[in-house]
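This is what each chain is made of:
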Amino acid sequence: MKRVFVAGHRGMVGSAIVRRLERLEDYEIITADRVTLDLLDQKMVADFFATQKVDEVYLAAAKVGGIVANNSYPADFIYENLMIECNIIHSAFISGVKRLLFLGSSCIYPKLAEQPMQEAALLTGTLEPTNEPYAIAKIAGIKLCESYNRQHGVDYRSVMPTNLYGENDNFHPQNSHVIPAMMRRFHEAATSDASEVVVWGTGKPMREFLHVDDMAQASVFVMNLDKQTYDANTQGMLSHINVGTGVDCTIAELAHTLAKVVEFKGDVVFDTTKPDGAPRKLMDVSRLGDMGWQAQTSLEAGLCATYAWFLEHQSDIRL
């Protein structure tokens, strides 16, 4: 029986990884809430690993948010994410954990990276200013894994997902990512018979979206690759793997699809005084595809499933 610690099990990605592992045999899943384990507390994390006898770690814990949150709390985003990954990765090593999977973000790539973004684009240009502190922390997580591999011979891997969405997302109207924020806005407009919904920016930027259940499947797939296969498809100091669909759409197309899903009949209006962010963020997922994995959930199907979950959990979702 393999003892697997999922850090961030109550978040969108962590909970999806737990659901995925629960369907498989020979896994004992270890989780801890914030009262039991404060991931910002170095001693508490070290003590946890010293007593839990963990075999593998999925590092899905992170402070996350959309453009507004990243702009408003840059110090929180860089500090908390650096502390979480430093504490977990180092304590995992000290306690003898041989395999770990770190989950990053597509924002690690330069703002004007060539599209689709290949893993080799890392550290080749200036980051998007609105989320640079968060991106710096995620880049540090990749380099932590690579450095411990190089110096200590462990097997710590990194996956970089594109924009994720799905059940257990944060639906706060200001501090959430684009899909949950817009979904809630369209839902409230539909239920109140509003005449329009205002969307930030021009609607022209293009984004790629991956359902969180697909991300969980990809994470378990990458974790379970034999080391020879993983190493053959990566490089020592360029070891992370992109995870996405390989397909993107404009924010305007996303908005109109969401309007259809929630049955909003009014107008979609774009506030061009608000920031767009990066013009395009499409991942090159050929490396993962060559290893035998590809996403299964279409955007509309994923949005429909997410909205059904939203409707069922309105009273207890994170707002």
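Details of the structure are given in the entry above.
Report on the accompanying structure. (Residues numbered from 1 in each chain as written. Predicted model: local features only at pLDDT ≥ 70, side-chain atom pairs only at ≥ 80, totals over all residues. Heavy atoms only, no water.)

Concerning the packing of aromatic side chains
Scanning all chains against the criterion turns up nine aromatic pairs. Look at F5 and F48: their rings are 4.8 Å apart centre to centre, the planes differ by 50 degrees, and that puts the pair in the tilted class. Remark: F48 occurs in helix 2 (residues 42-52) and F5 occurs in strand 1 (residues 2-7); sequence separation between them is 43 residues. With centroids separated by 6.2 Å and ring planes inclined at 80 degrees, the aromatic side chains of F77 and Y134 adopt a geometry described as edge-to-face. Here the residue F77 occupies a position in helix 4 (residues 74-94), and Y134 occupies one in helix 5 (residues 132-152), the gap between them amounting to 57 residues. (Phe/Tyr/Trp six-rings, centres within 6.5 Å; stacked < 30°, edge-to-face > 60°. Helix = DSSP H or I, 4+ residues; strand = E, 2+ residues; numbered from the N terminus.)

Topic: the environment of I89
Mapped onto the fold, I89 is located in helix 4. Residue I89 is classed as buried on the basis of its relative accessible area of 0%. For the pair I89 and R20, spaced 69 residues apart in sequence, the C-alpha separation works out to 23 Å. Look past the residues within four positions of I89 in its chain and what remains in contact with it is L59, L100, G141, L144, C145, Y148 and Y156. (Buried < 20%, exposed > 50% of the residue type's maximum accessible area, 1.4 Å probe, protein only. Contact = heavy atoms within 4.5 Å.)

Description of the packing of helix 9 (residues 251-262) against helix 11 (residues 299-312)
For the pair helix 9 and helix 11, the least separation of the axes is 10 Å and the interaxial angle reads 50 degrees. Taken as axis vectors, helix 9 and helix 11 run oblique relative to one another. Once helix 9 is placed against helix 11, the crossing between them reads as right-handed. Note on element contacts: helix 11 touches helix 9 through L299, E300, L303, C304 and Y307, opposite L254, T257, L258, K260, V261 and V262. Here the residues of the contact of helix 9 with helix 11 sort into eight nonpolar, one polar and two charged. (Axes fitted to C-alpha atoms, helices over the stretch in contact; angles between N-to-C directions. Parallel < 35°, antiparallel > 145°, perpendicular 65-115°, else oblique. Left-handed = near helix turned anticlockwise from the far one by under 90°. Nonpolar A, V, L, I, M, F, W, Y, C, P; charged D, E, K, R; others polar.)

Regarding the pattern of salt bridges
Taken as a whole and judged by the stated rule, the model has 13 salt bridges. Salt-bridge contacts for D155 lead to R157; the nearest nitrogen and oxygen are separated by 2.8 Å. Each member of the pair D155 and R157 is classed as buried. We note a salt bridge from K260 to E300, for which the minimum N-O separation is 3.2 Å. A residue pair is termed long-range when its members are at least 10 positions apart, and K260 in helix 9 and E300 in helix 11 qualify at 40 residues. The network of salt bridges with shared partners includes R19, E167 and D213. (Salt bridge = Lys/Arg side-chain N within 4 Å of Asp/Glu carboxyl O.)

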